[in-house]
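# Remarks on the overall topology
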Amino acid sequence: MNQLAIELNEKIAQVNPHVLEMLSALGRRIYFPVKGILSQSAEAKKLAKRYNASIGTAMELGQAMALDSVMDSLPGWNPSDALLYAPSPGIPELRSAWQEKNLHDNPTLQSYSGSLPVVTNGLSNAISLAADLFVDANDTVLLPDMNWDNYHLNFQDRIGAKLQFWKFFRTGGLDCASFREALAAQVPGSKILCLLNFPNNPSGYTPTESEGQELADALLATAARGVNVIALVDDAYYGLFFEENIMRESLYSKLAGRHPRLLAIKADAATKELYVWGLRIGFLTFSVGGAENNSPLYAALEAKTAGLIRSTISNSSQLSQKIALRALRASDFYEQRAAKAELMGKRARAVRQTLDSHPEYAEYFVPYPFNSGYFMCLQIKKGDAETLRQKLLQKFGVGTIAITSTNLRIAFSCLEVNEIPDLFQLIYQAAQEIEA
Ligand SMILES: Cc1ncc(COP(=O)(O)O)c(C=O)c1O
């Protein structure tokens, strides 16, 4: 093992040995190469006042070399800001600005320690980095039975983890008992990664405060029994909350810093929070009991994450990071964000009104609970979701997603309010025609 990895592992173990136990084999081996090209060019950046011949970029008249045909697409940007490399863990100002945004949104976090967010290539990359750091083949990953299909590709197919599922819904709400039972099966000394995503894809459900507390208590009780628990919280759709009684802070707020055997990881992204899907900017933040702010443990986890980034994508787009930073620094950022969330809320309410005013639809489909995010799911009562999807597509030109044989996902995020009643009428018509 490289000496730098050994040193990082020692720093982690000195603060909290359970976190070292949680790391995968790759997680233990990986380190950020602070010696070599990166450190020499960092030194040169500071000290080489005459000529800097250290970096693998091309310079001209003190700026990044650039083609007019490239800069023509980037009015308002200078070539160095737009085109140079970013550091592997991300631009420091963006990391701080995202941390500030998260503290603003989740005031509870002000009382608990955490790392600085590390910038990733979107949230998919954040999740795959967490998987690489903490999951080996045959490790257990616990998911709700309502989940995003990319988790399967990542944890099961790429890493070889064993997936286990808990039942997401009971009638009218979250099946917290099913979550508790799945955790109760874990023996002390074992390790489990629990992935929790709210607002949930595909259901569009965010727990009530008390359901959220039940989930957090179950994780905490499991850690207290001696199980090493990694709680990976996917906050992709954070902030799109359309009802009063639901959790406004991330579940991460209820987990951060609570127990030495409970490592909370917040995976979030500019992707949906800033409406910049293709810019590919996400973040990973760590928090565990027993570590202070600025703990060497957090520095070591950030360095290991940066090492994985350096060895795969090297760094995320500097232009994208700077665009995200400018947005976060806009004086009316929170107002702009609230206006878009309000528009999405109108769409969610239009879905609810449509379903409420057509009780006849219930013969063919009923909604699962939804209160947030981009989506809602229909439970198909007659026939199967894939047949319905095909009919909707082929005959009516309507695109939906068949998540399972019984569940059809509707992304109301893509629909104008006035299109929503018609969409559900077409689903009803298609379902009737299939039955006929
Ligand atoms: C639950 C969930 N997590 C993560 C992502 C990935 O986000 P990104 O586009 O930033 O990789 C998505 C996107 O669809 C998602 O639905």
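Residues numbered from 1 in each chain as written. Predicted model: local features only at pLDDT ≥ 70, side-chain atom pairs only at ≥ 80, totals over all residues.

## Some points on the overall build of the protein chain
Operational definition: Strands are runs of DSSP state E lasting at least two residues, helices are runs of H or I lasting at least four, and both sets are numbered from the N terminus onward. Whether a residue is buried, exposed or partly exposed is read from the other C-beta atoms within 10 Å of its own C-beta, which are placed from the backbone; 20 or more gives buried, 12 or fewer gives exposed, and intermediate counts give partly exposed. Contact definition: two residues whose C-beta atoms, as placed from backbone geometry, lie within 7 Å.
The number of helices and strands found in the protein chain is 17 helices and 15 strands. C-alpha extents for the protein chain along the principal axes are approximately 80 × 60 × 35 Å. Residues classed as buried in the protein chain amount to 44% of the 436 residues present. For the protein chain, the proportion of contacts with a sequence separation of at least 24, taken over those separated by at least 6, is 73%.

## A few points about the site of the ligand
Rules: In this text, near has one meaning. A residue is near a molecule or strand if its C-beta atom, placed using the backbone, is within 6 Å of it. In this count, Pro and Cys sit with the nonpolar residues alongside Ala, Val, Leu, Ile, Met, Phe, Trp and Tyr, while Asp, Glu, Lys and Arg are called charged and the others, Gly among them, polar.
For the ligand, the full set of nearby residues is Gly122, Leu123, Ser124, Trp148, Asn197, Asn201, Asp234, Ala236, Ala269, Thr271, Trp277 and Gly282. No other element matches the 3 residues that helix α8 (residues 122-134) contributes to the shell around the ligand. Considering only residue class, the shell around the ligand consists of 5 nonpolar, 6 polar and 1 charged.

## Quick notes on the sheet that holds strand β12 (residues 365-367)
Cut-off, in case you're wondering: When DSSP finds at least two bridges between two strands, those strands are taken to pair. Here an angle of 0 to 180 degrees is reported between the N-to-C directions of two axes, which are lines fitted to C-alpha atoms, with helices fitted over the stretch in contact.
Spatially, the 4 strands line up as an open sheet ordered β12-β13-β15-β14, and their pairing is antiparallel. Each edge of the open sheet is held by one strand with a lone partner, namely β12 and β14 (401-402). The pairing of β12 with strand β13 (residues 375-380) spans 3 bridges and is antiparallel. Its bridge partner lying in β13, Phe365 is registered against Ile380. Each of β13, β14 and β15 (407-411) touches helix α16 (residues 385-396); the most contacted strand, β15, lies at about 40° to it.

## Here's the deal with the pairing of strand β10 (residues 262-269)
Within β10, 8 of the 8 residues are buried, leaving the element largely enclosed by the surrounding structure. Alternating positions in β10 separate into two faces, Leu262, Ala264, Lys266 and Asp268 on one and Leu263, Ile265, Ala267 and Ala269 on the other, with burial throughout. Relative to β10, strand β9 (residues 228-234) runs parallel, the two being bridged by 6 bridges. Note on β10: the bridge partner recorded for Leu232 is Ile265. Relative to strand β11 (residues 282-288), β10 runs antiparallel, the two being bridged by 7 bridges. Note on β11: the bridge partner recorded for Leu263 is Val288.

## Points about the domain arrangement of the protein chain
What counts is decided by this rule: Residue ranges assigned to each domain were obtained from an automatic or database domain assignment.
By domain assignment, the protein chain separates into domain 1 (3-32 + 88-329) and domain 2 (334-435). Here the C-alpha centroids of domain 1 and domain 2 sit 30 Å apart. Grouping the constituent residues of the side of domain 1 that touches domain 2 by class yields 10 nonpolar, 8 polar and 1 charged.

## Points about the nonpolar core
Defined as follows: What makes a nonpolar core is a set of buried Ala, Val, Leu, Ile, Met, Phe, Trp, Tyr and Cys residues, with links drawn between C-beta atoms within 7 Å.
In this structure, Ala130, Cys194, Leu219, Ala231, Leu232, Ala264 and Ile265 are the most contacted members of the largest nonpolar core, which totals 112 residues. Domain assignment of the residues forming this core places at least three in each of domain 1 (3-32 + 88-329) and domain 2 (334-435). Residues contacting Ala231, with those up to four places away along its chain left out, are Cys194, Leu196, Leu219, Leu255, Leu262, Ala264 and Ile265.

## Looking at helix α10 (residues 176-184)
The condition is simple: Think of the arc as the fan of directions from the helix axis to the C-beta atoms.
Along α10, the residues classified as buried are Phe179, Ala182 and Leu183. Relative to the axis of α10, the buried residues are bounded by an arc of 95° and lie together on one face. Structurally, α10 contributes buried residues whose contacts are with β4 (140-144), β5 (162-166) and α11 (209-224).

## Describing the environment of Leu284
With respect to the helices, strands and loops of the structure, Leu284 is situated in strand β11. Judged by C-beta crowding, with 28 C-beta atoms within 10 Å, Leu284 ranks as buried. With 24 residues separating them along the chain, Leu284 and Pro260 place their C-alpha atoms 19 Å apart. Not counting chain neighbours up to four residues away, the residues in contact with Leu284 comprise Pro117, Val118, Thr120, Ala126, Leu129, Ala130, Ile265, Ala267 and Thr305.

## Here we look at the sheet that holds β5
Within a sheet, neighbouring strands are paired by backbone hydrogen bonds and run either parallel or antiparallel to one another. Read from one edge of the open sheet, 7 strands run β3-β11-β10-β9-β8-β4-β5, paired in mixed fashion. Each having just a single partner strand, β3 (118-120) and β5 make up the two edges of the open sheet. Across the sheet, the axes of successive neighbouring strands diverge by a mean angle of 25°, strand direction being ignored. Taken strand by strand, α8 contacts β3, β8 (191-197), β9, β10 and β11, and its axis lies near 155° from that of β10.

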